[in-house]
Amino acid sequence: MSRENSRDCDLVQDLLPLYLDDACSASSKKVVEEHLAECAACREVVQKLKDHTVEDVIAAESESVLAHHAKRERTAAFKAGIIIAGLLILPVLITLIVGMANGGGLGVFFVTLASMLLVGAMTAVPLLSLKNRLSRTILCGVGALLLILFFVDRMNGGGGFLIVAIPTILGLSVPLFPVLLHAVRLPAALSDKKGLLTMAWDTVWLFLTICIVCVRDGSMEELRGGLTVAAVYMLGVWLVFWLARYAKLNRFKKAGCIAAVCGLWTAFGQDICNWLLGEGIRLTICSADFSSWNTDLQINANVYLIVLIGSLVLGGFLFVAGLIKERKRG
């Protein structure tokens, strides 16, 4: 190869990376293509540059190493879960043996068993689960807690399980149900309605709680009153939810409407309940007198009026801010 041809090859090979990435100018591309048509050595260099076999092998090996490491981690977690589950069985067996030896009942044994299941739900279940760890942990934990309540109730004679279990589910649902919905895969028709499902779930358990408490006391008047109060205030909660989730307003307008609704329901909610329960129409805020805070009626009236005025002023300010923002965008 002549010195001139060698110089041409060096120049073209310097341009090859740019040529293959289609990043060189049109004139340089023409020079490279004309040279490649005549030079077999440079064509071989092009073929080598196009060959990514080494990179593919490295990528495959990296994936294999990561997969092997993940498998080892899962195996270690599974073994740890088995060990923890085995250790949790020991107190259960000891309780069973002691109870049988003393001739006692199995009440303590079942309570201990349920307690160990709760501990296992918080420790072993996350280690043993390969998928949906959070949702399985929540479900197993709640199930174990309900078992504890059930066996304790049976030890005490029975009859009080529902009155404890239903409020417990309500209390746990408020923080945990949204987390559970986020962790599970819902059908396509429900995937964008998690907030609505949460509201419906909590509302159902709230009314169930009121029903089970009032029915146990045997007072239908209290049941009517409890359901009326819950319905009135939950209507306000649902209205706030609708404004926040579905109202076609900007953020400032939504915040203003929500502030106004909260103030109105605080000021007039109890009056509406009294009216529905047949106590007549009476507005508590009409008894407001900021110079006197002696009776419960005056205290409530003063507080209601302050909340109402403050929420309306704040809501109006936010709504006007939303209108100004819309005009600026328009």
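Residues numbered from 1 in each chain as written. Predicted model: local features only at pLDDT ≥ 70, side-chain atom pairs only at ≥ 80, totals over all residues. Heavy atoms only, no water.

- As annotated in an unreviewed UniProt entry, the protein carries the name Anti-sigma-W factor RsiW and is attributed to Roseburia yibonii.
- We quote the UniProt Sequence similarities (unreviewed entry) comment for the protein here in full: "Belongs to the zinc-associated anti-sigma factor (ZAS) superfamily. Anti-sigma-W factor family." (UniProt positions renumbered as here; feature names shortened; annotations may be inferred.)

Observations concerning the confidence of the model for the protein
Low pLDDT means the predicted atomic positions in that stretch should not be read closely.
Move 1: Here the protein shows a mean pLDDT of 80. Residues at 70 or above account for 78%.
Move 2: Element-level pLDDT for the protein is lowest in helix H4 (residues 53–101), with a mean of 60, against a maximum mean of 93 in helix H10 (residues 251–276). (pLDDT = per-residue confidence, 0-100. Helix = DSSP H or I, 4+ residues; strand = E, 2+ residues; numbered from the N terminus.)

Focus on helix H2 (residues 26–38)
Residues three or four positions apart in an α-helix share a direction because the helix packs 3.6 residues into each turn.
Move 1: Taking 1.5 Å of rise per residue, the 13 residues of H2 would be expected to cover 18 Å, and the 19 Å separating its terminal C-alpha atoms lies within 8% of that figure.
Move 2: If you check which residues of H2 are buried, you get Ser28, Val32, His35 and Leu36. Down the axis of H2, the buried set is contained in an arc of 100 degrees. They therefore lie on one face. Exposed residues pointing more than 90 degrees away from the buried face of H2 are listed as Ala26, Lys30, Ala37 and Glu38. (Expected span 1.5 Å × (residues − 1). Buried < 20%, exposed > 50% of the residue type's maximum accessible area, 1.4 Å probe, protein only. Arc of directions from axis to C-beta.)

Observations concerning the packing of H10 against helix H11 (residues 296–329)
Move 1: At a minimum axis distance of 7 Å, the contact between H10 and H11 shows a crossing angle of 165 degrees. Looking at the two axes, H10 sits roughly antiparallel to H11. Between H10 and H11 the crossing geometry is left-handed. (Axes fitted to C-alpha atoms, helices over the stretch in contact; angles between N-to-C directions. Parallel < 35°, antiparallel > 145°, perpendicular 65-115°, else oblique. Left-handed = near helix turned anticlockwise from the far one by under 90°.)

Thoughts on the UniProt feature "transmembrane region" (unreviewed entry) in the protein
Move 1: According to UniProt, the "transmembrane region" (unreviewed entry) feature falls on residues 80–101, 107–127, 134–152, 158–184, 196–215, 227–244 and 303–324.
Move 2: Segment residues 134–152 splits into 100% helix and 0% strand. End C-alpha atoms: 27 Å apart.
Move 3: The distance separating the terminal C-alpha atoms of residues 303–324 is 32 Å; by composition the span is 100% helix and 0% strand.

Re the pattern of salt bridges
Move 1: Inspection of every chain in the model, using the stated rule, returns three salt bridges.
Move 2: Residue Lys253 is joined to Glu326 by a salt bridge in which the shortest nitrogen-to-oxygen separation is 2.9 Å. Taken together, the residues Lys253 in helix H10 and Glu326 in helix H11 connect sequence positions 73 residues apart.
Move 3: Taking the relative accessible area as the measure of exposure, Lys253 reaches 9% and is therefore buried.
Move 4: Exposure remark for Glu326: the relative accessible area of 36% places this residue in the partly exposed category. (Salt bridge = Lys/Arg side-chain N within 4 Å of Asp/Glu carboxyl O.)

Some remarks on the UniProt feature "domain: Putative zinc-finger" (unreviewed entry) in the protein
Move 1: Annotation from UniProt places "domain: Putative zinc-finger" (unreviewed entry) at residues 9–43.
Move 2: A distance of 10 Å separates the end C-alpha atoms of residues 9–43, which is 83% helix and 0% strand.

Here we look at the environment of Pro178
Move 1: Mapped onto the elements of the fold, Pro178 is located in helix H7 (residues 161–183).
Move 2: The class for Pro178 is partly exposed, based on a relative accessible area of 35%.
Move 3: In the structure, Pro178 is positioned 19 residues away from Leu197 in sequence and 8.9 Å away in space, judged by C-alpha atoms.
Move 4: Residue contacts for Pro178: discarding those within four places in its chain leaves Ser173 and Thr198. (Contact = heavy atoms within 4.5 Å.)

Brief notes about H11
Move 1: The end-to-end C-alpha separation of H11 is 49 Å, in line with the 50 Å expected for 34 residues at 1.5 Å each.
Move 2: Here H11 has its buried residues at Gln298, Ala301, Asn302, Tyr304, Leu305, Leu308, Ser311, Gly315, Leu318 and Gly322.
Move 3: At its buried positions, H11 is contacted by H10.

Examining the layout of surface pockets
Move 1: Roughly 170 Å³ of internal volume is contained in the largest pocket.
Move 2: Residue lining of the largest pocket: Ile138, Leu139, Val142, Ile169, Leu172, Ser173, Leu176, Phe177, Leu180 and Trp201, and that is the complete set.
Move 3: For the lining of the largest pocket, the secondary structure elements donating two or more residues are helix H6 (133–155) and H7.
Move 4: The leading source of residues in the lining of the largest pocket is H7, at six residues.
Move 5: Of the residues in the lining of the largest pocket, the class split is nine nonpolar, one polar and no charged. (1 Å grid on protein atoms, 1.4 Å probe; cavity = no way out; pocket = protein on both sides within 12 Å on 5 of 7 lines; lining within 4 Å. Points joined across faces, edges and corners; volume = space filled by probe spheres on them. Nonpolar A, V, L, I, M, F, W, Y, C, P; charged D, E, K, R; others polar.)

What about the side chain of Thr198?
Move 1: Structurally, the position occupied by Thr198 is in helix H8 (residues 194–217).
Move 2: Judged by its relative accessible area of 12%, Thr198 falls in the buried class.
Move 3: Aside from chain neighbours lying at most four places away, what touches Thr198 is Phe177, Pro178 and Leu181.

Considering the packing of H6 against H7
Move 1: One way to put it is that H6 packs onto H7 with a least axis distance of 10 Å and a crossing angle of 175 degrees. It follows from the interaxial angle that H6 and H7 lie roughly antiparallel. Only Phe161, Val164, Ala165, Thr168, Ile169, Leu172, Leu176, Val179, Leu180 and Ala183 of H7 make contact with H6, whose side of the interface consists of Leu134, Ser135, Ile138, Leu139, Val142, Leu145, Leu146, Leu149, Phe150 and Asp153.
Move 2: Across the contact of H6 with H7, the residue classes break down as 17 nonpolar, two polar and one charged.

Describing the packing of aromatic side chains
Move 1: Scanning all chains against the criterion turns up seven aromatic pairs.
Move 2: Ring geometry for Phe290 versus Trp293: centroids 6.5 Å apart, planes at 35 degrees, classification tilted.
Move 3: Among the residues examined, Trp293 registers a relative accessible area of 41% and is labelled partly exposed.
Move 4: Clustering of aromatic rings is evident, with ring pairs tying together Phe150, Phe151 and Phe161.
Move 5: Above the plane of the ring of Tyr246 lies Arg245, whose end atom (NZ or CZ) is 5.1 Å from the centre. (Phe/Tyr/Trp six-rings, centres within 6.5 Å; stacked < 30°, edge-to-face > 60°. Lys NZ or Arg CZ within 6 Å of the ring centre and 35° of its normal.)

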